[in-house]
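# Observations on the three-dimensional arrangement
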Amino acid sequence: MNNRIEASLTGLRANSRQLADYSTQCALTPGPALPLIYPHLLAMPLHMAMLTHKTFPLALMGLVHVSNRITSHQPIPTDATMELHCRIDGIQQTERGQSFEIQTRVCREGRTVWQEHSTFLAPSGQRTRGAASAPDVPARPEEPLARWAVAANAGRRYSRVTGDWNPIHVSAWTARLFGYPRAIAHGMWSLGRCAALLQHAHTSTGPTVLEARFKRPLTLPGQVALYATSATGPATHFRLAVEPTGEPHIEGRIETGPGVE
């Protein structure tokens, strides 16, 4: 596919009920600004419109969310009026299948205040479980930053908030239709929980970059542990591991400060 697909929405404001429910699901403390990942939820209807457009050649079911990069240039007030602009520039053939990126911008008064690059894969052949790139996360420290249990109905609860009713998240029966033994957690929900804890641990303010690679699915119910290691500079590398095996569910980094843009 060489043609670009675009979608835009103006005059958008956050839904206070959805925002409160999202904060509850991700264990966030409500504040005057939108959570770092929340604009992704606002953009999901536009993403779906592009992925189901007649000119988009790939089937929606079976797509794998491989990685995500979010840049928040400045906080977005919870009552802000926003513009959303999304696009898909094309599809590339890779050794693992067909890959594409959804680019999303949130604007206020003509200025971009938040950006996201989401990479997806339509696997060829054997089902892909996650990103295959070698991790650049430092060795796991002995003690995690946090541990928590993930309930069997976590996927359904998050789906009610976001409208993402992908069958792999809803029940074991529907997940088995796509090769999973049980329902799996939404990667963006897991990332939202990580971001809440990591941002709370940060003392810096300013623009923020959050990068994540989704490595292995988290089957429900499950247990996870978040490990974080600060390298030189303002970046914190993290790994969300599935317990008790220690397999990585998400690996990434978060960086806050005036030089991250």
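None of these values were measured; they are calculated from a predicted model. (Residues numbered from 1 in each chain as written. Predicted model: local features only at pLDDT ≥ 70, side-chain atom pairs only at ≥ 80, totals over all residues. Heavy atoms only, no water.)

### Some remarks on the pattern of salt bridges
A side chain of one charge can pair with a side chain of the opposite charge when the charged atoms of the two come close. To keep things clear, this is the line we draw: The salt bridge criterion pairs a side-chain nitrogen of Lys or Arg with a carboxyl oxygen of Asp or Glu, the two atoms within 4 Å. Counting from the N terminus, the helices are DSSP H or I runs at least four residues long and the strands are E runs at least two residues long. Working definition: with a 1.4 Å probe on protein chains only, accessible area under 20% of the residue-type maximum means buried, over 50% means exposed, and in between means partly exposed.
Within this structure, the stated rule accounts for 10 salt bridges. In this structure, the salt-bridge partner of R17 is D21, at a minimum N-O distance of 3.7 Å. With R17 and D21 both in helix α1 (residues 16-25), this residue pair falls 4 residues apart, about one helical turn. Taking the relative accessible area as the measure of exposure, R17 reaches 63% and is therefore exposed. Residue classification places D21 among the partly exposed positions, given a relative accessible area of 32%. Sharing partners across several salt bridges, the network here consists of R4, E6, R87 and D89.

### Concerning the packing of α1 against helix α3 (residues 154-162)
The test is simple: Note on geometry: axes are lines fitted to C-alpha atoms, helical ones only across the stretch in contact, with angles between N-to-C directions running from 0 to 180 degrees. Any angle from 65 to 115 degrees is called roughly perpendicular, while one under 35 is roughly parallel, one over 145 is roughly antiparallel, and all others are oblique. A clockwise turn of the near helix away from the far one marks a right-handed crossing, whereas an anticlockwise turn of less than a right angle marks a left-handed crossing. Working rule for contacts: check all heavy atoms of both residues, and any pair within 4.5 Å makes them a contact. Three classes are used, and their members are as follows: Ala, Val, Leu, Ile, Met, Phe, Trp, Tyr, Cys and Pro are nonpolar, Asp, Glu, Lys and Arg are charged, and the others, Gly among them, are polar.
Relative to each other, α1 and α3 sit at 155°, their axes nearing to 9 Å. Accordingly, the angle class assigned to the pair α1 and α3 is roughly antiparallel. When the axes of α1 and α3 are compared, the crossing they make is left-handed. Seen from α1, the contacting residues are Q18, D21, Y22 and Q25; seen from α3, they are R157, Y158, V161 and T162. Of the residues in the contact of α1 with α3, the class split is 3 nonpolar, 3 polar and 2 charged.

### Observations concerning the nonpolar core
Considering soluble globular proteins, one finds that nonpolar side chains tend to be buried as a cluster. Quick reminder of the rule: Here, nonpolar core means buried Ala, Val, Leu, Ile, Met, Phe, Trp, Tyr and Cys residues that are tied together by side-chain atoms lying within 4.5 Å of each other.
Grouped together as the largest cluster of nonpolar side chains are 61 residues, with contacts concentrated most on F100 and L191. If you tally residues by element for this core, the top one is helix α2 (residues 38-51), at 7 residues. Beyond its immediate stretch of four places on either side in the chain, L191 contacts I37, L210, A212, F214, F238 and I250.

### Details of the environment of P39
Within the element layout of this structure, P39 appears in helix α2. With relative accessibility at 1%, the residue P39 sits in the buried group. For the pair formed by P39 and I70, sequence separation is 31 residues and the distance between their alpha carbons is 9.9 Å. When neighbours within four sequence positions are excluded, P39 is seen to be in contact with I76, V106 and W114.

### Structural notes on the packing of aromatic side chains
Definition in use: We call Phe, Tyr and Trp rings a pair once their centres come within 6.5 Å, taking the six-membered ring for Trp, and we label the pair stacked below 30 degrees between planes, edge-to-face above 60, and tilted otherwise. The rule for a charge over a ring is simple: NZ of Lys or CZ of Arg within 6 Å of the ring centre, and within 35 degrees of the ring normal.
The full count for this structure, using the stated rule, is 4 aromatic pairs. With 5.5 Å between their ring centres and 15° between their planes, F100 and F120 make a pair best called stacked. Separated by 20 residues along the polypeptide, F100 in strand β4 (residues 97-108) and F120 in strand β5 (residues 111-123) bring together distant segments of the chain. Residue class for F100 comes out buried when judged on its relative accessible area of 1%. Overall, F120 belongs to the buried group, its relative accessible area being 14%. Here the aromatic residues Y22, Y38 and Y158 are joined through ring pairs into a cluster of three or more. Of note, R193 hangs over the ring of W148, and the distance from its end group to the ring centre comes to 4.5 Å.

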